[in-house]
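# Geometric and topological summary
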Amino acid sequence: MPRYLTVGAAQMGPIQRDHSRRDVVGRLIAHLREARRMGCELVVFPELTLTTFFPRWWMPDQAEVDAWFEADMPGPDTAPLFAEAKALGIGFCLGYAELVRQDGGTRRFNTSILVERDGRIVGKYRKVHLPGHAEHEPWRQFQHLEKRYFEVGDLGFPVYRAFGGLIGMCICNDRRWPETYRVMGLQGVEIVLLGYNTPLHNPPAPDHDEHSWFHNQLVMQAGAYQNGTWVVGVAKGGTEEGVPSLADSQIVAPSGKVVARAASDGDELVAHRCDLDAGRSYKTTTFNFVVHRQPDQYRMIVERKGAVEPPAT
Ligand code: CDT
């Protein structure tokens, strides 16, 4: 029996510092209603959906940092999102800053959750590849303090049986790393959901700026094709607190082809009816891992510690 899943990539325009979670949730609910009209069963929201991208600011006061986090999910501000999604019979993937009180301490992660159509949280992912830096670097036009405000995710890259398929998640910078897709690919993933906040300027490497669109596409298309999986990449785009960010949300098929793409850098929903079996021909031929992968040879590669030095001239 064919397995189709209609997925909506719910791109968000900027969320400024003084925008309340309540206002943001109103925008998310508008997306859900539009998704319903478009026949979506699953809607994907961006990384840190509920607030502005706060790691751009140095905040020495931990209480100020913690105000950007969610201690409960759903909490008072997000409960209406869960209720509306359930009423519409739509599931969703939501990125947010997760605060966990555990063993008398506090842990903080850049997280996304997968919520089924009945409102149950059926999957969780905590961002592994945290970009940026941990100390204040005043020379930058804006900070990128993910390494300060979040711990490295401790859940690996789980793949969940949900929505009639095998679903994985990753977050923003994770999409640039082949390991992200391959670890999920080895579990048979059929659709990878990912949200991103990508500034168009990379302070330590401004020569990359002009390639932002290309790199975004390159990594998602390669990840999809090399693992025979759908990839749904969803941006928070536009100019947020003076920082222009990449939009270009897109849905990539297991062939590596882009089948749906946002045209604006604001709130915009793009949808596609995904055949969850479309990856099968890749997984059973070119990328039949059992037949063609050579893990014994890969083990000969010693895990490198420290930088690679250029050859002496
Ligand atoms: N949020 C996030 O992970 N942003 C990073 C910026 C890194 S600069 C290339 C990203 O990979 O888009």
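Notes on the structure in this doc start here. Given the structure is predicted, the values throughout are model-derived calculations rather than measurements.

## Remarks on the nonpolar core
Membership of the largest hydrophobic core comes to 44 residues, with the highest contact counts inside it found for Leu114, Ile191, Leu193 and Val232. When residues no more than four places from it in sequence are discounted, the contact partners of Ile191 are Val7, Leu166, Ile167, Gly168, Thr229, Trp230, Val232, Cys274 and Leu276.

## What to know about the site of the ligand
Close to the ligand lie 13 residues; Glu47, Lys127, Cys172, Arg176 and Thr198 are nearest. Glu47 is positioned with one of its side-chain polar atoms (N or O) 3.0 Å from a nitrogen atom of the ligand. For the ligand, whose free accessible area comes to 350 Å², the fraction covered by protein is 88%. Among the residues forming the shell around the ligand, the class breakdown is three nonpolar, five polar and five charged.

## A few points about helix H1 (residues 21–37)
Over its 17 residues, H1 extends 24 Å from the first C-alpha to the last, a length consistent with the 24 Å expected when each residue adds 1.5 Å. Taken together, the buried positions of H1 are Arg21, Val24, Val25, Leu28, Ile29, His31, Leu32 and Ala35. Buried residues along H1 cover an arc of 155° about the axis, so they all sit on one side. Pointing more than 90 degrees away from the buried face of H1 are the exposed residues Arg22, Asp23 and Arg37. Contacts made by the buried residues of H1 are with strand S1 (4–11), strand S2 (42–44), helix H3 (79–88), strand S3 (91–102) and strand S14 (268–275). A positive phi of about 80° marks Gly39, the residue just after H1.

## Brief notes about the environment of Gly8
Structurally, Gly8 is set in strand S1. The class for Gly8 is buried, based on a relative accessible area of 0%. Considering only alpha carbons, one finds Gly8 and Phe45, 37 residues apart in sequence, at a separation of 8.8 Å. In this structure, Gly8 is in contact with Cys40, Leu42, Val43, Val44, Leu269, Val270 and Ala271, ignoring residues within four places of it in sequence.

## What to know about the pairing of S3
Moving residue by residue along a regular strand, the side chains alternate between the two faces of the sheet. Counting buried positions along S3 gives ten out of twelve residues, so the element sits mostly inside the fold. In this structure, S2 lies alongside S3, joined through three bridges in parallel fashion. Looking at the pairing, Leu42 lines up with Gly91 of S3. With eleven bridges connecting them, S3 and strand S4 (residues 105–115) associate as antiparallel partners. Its bridge partner lying in S4, Val100 is registered against Arg107. The hairpin turn running from S3 into S4, its antiparallel successor, is two residues long, and Asp103 in that turn takes a positive phi close to 50°.

## Re the pairing of strand S5 (residues 121–126)
In terms of strand pairing, S4 meets S5 through five bridges, oriented antiparallel. Pairing of Val115 across the sheet is with Ile121, part of S5. Taking the residues that link successive antiparallel strands as the turn, the S4-S5 hairpin has five residues, and the phi of Gly119 there is positive, at about 90°.

## A look at the pattern of salt bridges
For the coordinates displayed, the defined rule picks out 25 salt bridges. When the shortest N-O distance is used, the salt bridge between Arg27 and Asp267 registers 2.8 Å. In this pair, Arg27 sits in helix H1 while Asp267 sits in the loop between strand S13 (258–261) and S14, placing the two residues 240 residues apart along the sequence. The exposure class assigned to Asp267 is partly exposed, which follows from its relative accessible area of 36%. One salt bridge in this structure joins Glu34 and Arg37, with 3.1 Å as the shortest N-O distance. Taken together, the residues span about one helical turn, with Glu34 and Arg37 both in helix H1 at a distance of three residues. Given the relative accessible area of 31%, Glu34 is considered partly exposed. Judged by its relative accessible area of 63%, Arg37 is exposed. Among the ionic contacts, a cluster of salt bridges with common partners joins Glu98, Arg107, Lys124, Arg126, Glu151 and Asp154.

## A few points about the packing of H1 against H3
At a closest axis distance of 10 Å, the pairing of H1 and H3 adopts a crossing angle of 10°. Looking at the two axes, H1 sits roughly parallel to H3. For the pair H1 and H3, contact is made by Val25, Leu28, Ile29, Leu32, Arg33 and Arg36 and by Pro80, Leu81, Glu84, Ala85 and Leu88, respectively. Residues belonging to the contact of H1 with H3 are distributed by class as follows: eight nonpolar, no polar and three charged.

## A short note on the side chain of Glu98
The topology assignment puts Glu98 in strand S3. A relative accessible area of 5% means that Glu98 is categorised as buried. A polar side-chain atom of Glu98 sits 2.6 Å from a polar atom in the side chain of Lys124. Apart from residues lying up to four places away in sequence, Glu98 is in contact with Phe69, Glu70, Arg107, Arg108, Phe109, Thr111, Lys124 and Arg126.

Thresholds, definitions, all that
Residues numbered from 1 in each chain as written. Predicted model: local features only at pLDDT ≥ 70, side-chain atom pairs only at ≥ 80, totals over all residues. Heavy atoms only, no water. Core = buried A, V, L, I, M, F, W, Y, C linked by side-chain atoms within 4.5 Å. Buried < 20%, exposed > 50% of the residue type's maximum accessible area, 1.4 Å probe, protein only. Contact = heavy atoms within 4.5 Å. Near = heavy atom within 4 Å. Polar contact = N/O pair within 3.5 Å; in protein donor to acceptor, adjacent residues only side chain to side chain. Areas by Shrake-Rupley, 256 points an atom, 1.4 Å probe, with all protein chains shown as cover. Nonpolar A, V, L, I, M, F, W, Y, C, P; charged D, E, K, R; others polar. Helix = DSSP H or I, 4+ residues; strand = E, 2+ residues; numbered from the N terminus. Expected span 1.5 Å × (residues − 1). Arc of directions from axis to C-beta. Pairing = 2+ DSSP bridges. Salt bridge = Lys/Arg side-chain N within 4 Å of Asp/Glu carboxyl O. Axes fitted to C-alpha atoms, helices over the stretch in contact; angles between N-to-C directions. Parallel < 35°, antiparallel > 145°, perpendicular 65-115°, else oblique.

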